[in-house]
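Each chain, letter by letter, is given below.
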Amino acid sequence: MTNPTKKYLLLWAIFIAVMLLLPEFVSKGTLRTIIFANFLAIFAISWDVLSGRTGYISFGHPFLIGIGAYTSAILSYRFDMPIELSIPLAVLTTTIGGTLFFLPALRLKGSYFALVTLAFMELMYQLVQVIRPDLTGGTRGMSGIETITRGAVNNYYLSFALMVTIAISMWLLMRTRFGSALSAIGMNEESVRGSGLSTTKLKLAAFMTSAFIAGLGGAFYVHYLGSIAPRALFDINFLFTIIVSALIGGAATIIGPMFGALFLTILLEALRPILPGVERYLIYGSIALIVYMFKPQGLVVLVLDTLDKLRSIISSRS
Amino acid sequence: MLQILIQGLLLSGLYALIAVGFTLIFSVGRVLNLAYGAYLVIGGYVYFYFAQSLGLPKPLVMAMAVVCGCLVGVLKYRLIVKPLKGNHVAVEISTLILAVVIQAGIVLLFKDSPKILHPIVSGVWRVGGATITFNILTAAVSSWLIFGGLYLFVRKTHTGRAMEAVSMDTKGAVISGIRPDRINLITWGYIWRLGCNCRGIFCELYPAFPGYVGCAVNHCGCGGYRGWYRFDLGYLAGGPYYWIHGNYFNLFDRR
Amino acid sequence: MSDNAHLQLDHVVKHFGGLTATNDLSFDVKHGESLGLIGPNGAGKTTIFNLIMGEYRQDSGDILYQNQSITKLPTHARILKGVTRTYQVPRPFSEMSVLENIQIGLMPNQLREMIFQGPDRQKEEEIARNVGLSEQDFNRPPTELSIGDLRKLELARALATNPSLMLLDEVFAGLTLAEIAQIAELINKKRQEGMTFIIISHDLRSLEPLIDRAIAMSFGSIVAQGTFSEVISDQHVQKTYLGDS
Ligand SMILES: Nc1ncnc2c1ncn2[C@@H]1O[C@H](COP(=O)(O)OP(=O)(O)OP(=O)(O)O)[C@@H](O)[C@H]1O
Ligand SMILES: [Mg+2]
């Protein structure tokens with residue numbers, strides 16, 4: 001094992017230890033906020049595996065998350081299927097269903113791909129309301145869906161375990177040559193093809209990985225909330241939050257989406273006393289826009305750079 | 001049925017116009033302007049505020065809407081599109097963020113309840129069982145006029161030809177960023193008309209992402225501000241017609 | 001045409017709108033042969049490479065690799081067969097180091113191997129050294145390289161795909177004499193190992209010693225072919241090529 005890997009593993013260990021001890025120090029309300037941050041991190045990682053790496057921007061992630069959430073919710077709520085079965089089925093449906101839907105889109109170039117994914121999200125929003133509302137609950141959605149566990153602390157541990165498992169697996173996967181190939185597509189797809197790699201295959205693999213995580217996150221999320229409504233899910237603000245989490249933290253990394261999700265969630269909570277409603281997104285969006293314009297690599301890099309600068313200032317003083 | 005058909009037919013011009021605005025940027029600059037829908041919303045609110053709340057004369061307010069739209073478009077271009085130097089991904093994402101910001105800004109200023117816009121031209125005309133408001137009629141006629149004007153602009157003027165050239169050669173795309181934006185702005189200056197269909201009751205139109213797969217606009221404002229980027233199934237009657245136009249009149253995309 | 005053609009173009013036509021980039025073009029290159037492709041700007045040389053690699057599809061005609069049609073194959077499948085190219089304008093992965101760039105070229109097209117096998121660092125370094133990149137550049141991003149080193153990197157990434165036929169597009173453009181000599185030496189070494197080449201170059205003096213045969217093009221058609229001196233002394237070539245460039 002190389003030295004940098006050891007260092008990273010140590011950092012992961014410290015991070016996990018701190019997060020596991022967190023419930024001892026913070027209030028239940030804060031825990032609930034962080035639970036949301038954990039799910040958001042999952043969604044952001046899912047988005048980033050596809051879009052952050054390959055540069056194929058998906059505006060349709062709520063669509064994937066929606067498949068996962070709705071499938072599991074319907075199976076358990078309408079058909080009394082145990083959660084242990086409904087969640088894996090939901091993940092499977094998302095991966096396969098999502099892939100079938102997106103297969104034609106994956107051959108499209110950049111902006112067209114983005115358009116099609118956007119259209120899918122829209123389509124899903126419309127369909128969920130009109131097709132079989134007896135199953136989906138139509139416009140109102142469903143509530144009273146079985147939850148996995150109760151209480152903030154338990155849910156916190158559950159969501160954290162899920163998030164950290166996904167994060168570490170993705171971290172490991174993205175360190176392989178597969179991860180490099182995906183990043184290479186984002187830099188210059190033609191040269192990747194020119195290196196003898198099938199970019200369609202790579203993009204498909206990235207997409208399926210992304211859909212898998214989205215489905216997993218979506219299914220667990222719905223069994224945490226205990227309810228689901230189309231408007232909250234297929235909402236531009238939700239889409240925005242996912243994408244911005246990944247970007248503001250730092251795209252094409254794993255820590256980036258995690259950090260971004262935490263940052264955005266906490267910011268959103270901090271703004272709540274001042275601006276209770278959707279108006280928060282004005283500040284939220286402006287910050288995102290500024291960070292994105294001036295530090296496209298994201299906040300993590302910004303923080304590290306600043307630390308570096310401070311260190312060099314201190315060392316030059318002494 | 002007849003009602004839907006006629007209404008769809010009349011409105012399709014308007015939708016086509018919106019679609020063209022969107023595709024203009026897309027084909028000339030090769031980027032999706034996801035804030036496009038937000039432009040249209042701004043136009044609607046300018047009309048609502050100045051014409052209805054303050055009671056300024058309608059023609060003046062229309063002009064204001066156009067100017068205001070141009071301003072937003074140029075600002076966006078200067079502050080966001082240009083510094084990002086033609087990086088598609090970055091531009092698209094920042095327009096998404098901008099859309100969210102504008103939307104939140106509007107909610108902050110006007111609250112999120114739908115605003116009722118009065119028809120600009122009142123009166124109705126009955127044909128068979130169908131009722132056609134003069135408002136829609138004016139909207140349709142003027143959209144087609146603008147449409148024609150736009151077509152002539154593209155074909156006959158220097159700027160128009162330049163834009164066309166740019167759309168074929170992406171290298172020059174950035175140069176034209178302002179122009180198509182401006183045309184969008186002109187386009188959305190007209191949404192007040194859109195805002196006046198729907199039995200004159202409500203009418204805020206939140207069209208957005210027009211020009212893609214034929215689904216674009218939410219008239220009748222079913223969703224309040226949230227609906228601004230929604231696609232209205234009720235419009236499907238006029239949809240195919242509009243769709244053909246949206247594609248056929250895609251003046252720039254020559255690839 | 002002969003059986004031992006490594007690559008063969010058979011009545012290949014490609015239009016761009018009203019413009020005919022290659023006009024019913026037929027030629028072949030034998031195993032181990034080195035073919036020079038010359039012609040004025042816009043003659044259609046790069047287009048031929050694009051067609052051979054499958055980056056564009058010809059409108060009609062066939063392209064045969066070792067007597068098998070590759071017309072229907074996607075780019076990466078052609079590369080697996082052993083054809084590769086360099087670009088006139090180098091296209092590295094800008095946010096990766098030199099070695100990581102080469103790593104992409106070395107990568108197998110199997111997901112399983114990509115995920116479960118690490119990169120072969122030694123092989124990467126060997127290839128980098130082979131093309132004459134210096135040790136201190138190995139971990140630099142391509143943005144910090146000179147145009148000469150970028151061309152070497154381009155060559156390295158292409159060589160990493162383990163080709164038997166290389167298409168080189170303007171490899172000498174913008175290089176110093178020393179760098180040209182270095183790359184010429186590399187090409188000659190590979191020729192001795194039996195690699196087949198098609199080389200596009202405006203730099204006739206550097207091209208001459210590297211090729212067995214030359215083809216001169218103009219407006220998408222072949223105007224002369226034969227040995228270098230035959231082609232260069234051809235009347236058409238004198239007029240269309242040497243006359244205006
Ligand atoms: N993608 C394309 N679309 C339209 N026209 C093209 C395209 N690629 C090449 N052409 C045209 O085809 C002709 C041949 O181009 P090509 O690049 O093959 O020339 P070349 O011989 O490589 O020239 P140079 O020496 O300048 O590299 C040119 O007129 C060029 O403008
Ligand atoms: Mg060329």
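The structure presented is a predicted model; accordingly, all values stated were derived computationally and were not measured.

(A) Inspection of the domain arrangement of chain C at higher detail. Residues and elements named next belong to chain C. When its domains are assigned, chain C resolves into domain 1 (1-82 + 164-245) and domain 2 (91-162). With 20 residues of domain 1 at the contact, the number on the domain 2 side is 16 residues. Contact between domain 1 and domain 2 buries roughly 1,300 Å² in total, counting both sides, with carbon and sulfur atoms accounting for 64%. Per-residue buried area on domain 1 facing domain 2 is highest for M166, I183 and L186; these three make up 31% of the total on that side.

(B) Summary view of the coordination of the magnesium ion (ligand 2). Residues and elements named next belong to chain C. In the first shell of the magnesium ion (ligand 2), the protein supplies T46 (OG1) and Q88 (OE1), at 1.8 to 2.3 Å from the metal. Taken together, the positions of T46 in helix α1 (residues 45-53) and Q88 in the loop between β6 (83-85) and α3 (98-106) put the pair 42 residues apart, joining distant regions of the chain. For T46, a relative accessible area of 24% corresponds to the partly exposed category.

(C) Here's a closer look at helix α13 (residues 255-271) of chain A. Residues and elements named next belong to chain A. In this model α13 runs 24 Å from its N-terminal to its C-terminal C-alpha over 17 residues, within 8% of the 24 Å that 1.5 Å per residue would give. If you check which residues of α13 are buried, you get G256, P257, M258, G260, A261, L264, T265, L267, L268 and L271. Looking at the buried side of α13, the elements it contacts are α1 (3-21), α2 (28-54), α7 (152-174), α12 (236-249), α14 (280-294) and α15 (299-317).

(D) Expanded view of the pairing of strand β1 (residues 124-127) of chain B. Residue and element names in this part refer to chain B. Here β1 runs beside strand β2 (residues 130-133); their pairing, made up of four bridges, is antiparallel. Considered in β2, the bridge of V127 is made with A130. Remark: two residues form the turn of the hairpin made by β1 and β2, two consecutive strands paired antiparallel; G128 in that turn has positive phi of roughly 55°.

(E) Examining the nonpolar core more closely. The biggest cluster of nonpolar side chains holds 140 residues, and the ones touching the most others in it are F39(A), F59(A) and L202(A). Contacts of F59(A), omitting those with residues within four sequence positions, involve A114(A), T117(A), L118(A), M121(A), L239(A), I243(A), L34(B), E92(B) and L96(B).

What counts, and where the lines are drawn
- The residue count restarts for each chain, going from 1 along the sequence in the order it is written.
- Chains carry letters from A onward and ligands carry numbers from 1 onward, assigned in written order.
- Selection of residues for local features in this predicted model requires a pLDDT of at least 70, selection of side-chain atom pairs for listing and counting requires 80 or more, and totals for whole chains, interfaces and linings are taken over all residues.
- Water and hydrogen atoms were dropped before computing side-chain values, which therefore reflect all heavy atoms in the structure.
- Annotation comment: domain bounds sourced from an automatic or database domain assignment.
- The contact rule is simple, with two residues in contact once any of their heavy atoms fall within 4.5 Å.
- Buried area is understood as the total, over both parts, of accessible area removed when two parts are fitted together, assessed with a 1.4 Å probe.
- Only nitrogen, oxygen and sulfur atoms qualify as donors, and only when within 2.8 Å of the metal (3.2 Å in the case of Na, K and Ca); with water excluded, sites may look incomplete.
- Numbering of helices and strands starts at the N terminus; helices are DSSP runs of H or I of at least 4 residues and strands are runs of E of at least 2.
- Note on classification: 1.4 Å probe, protein chains only; a residue is buried when its accessible area is under 20% of the maximum for its type, exposed when over 50%, partly exposed between these limits.
- Take the number of residues in a helix, subtract one, and multiply by 1.5 Å to get its expected span.
- Each pair of strands is called paired provided DSSP finds at least two bridges between the two strands.
- What makes a nonpolar core is a set of buried Ala, Val, Leu, Ile, Met, Phe, Trp, Tyr and Cys residues whose side-chain atoms join them at distances within 4.5 Å.

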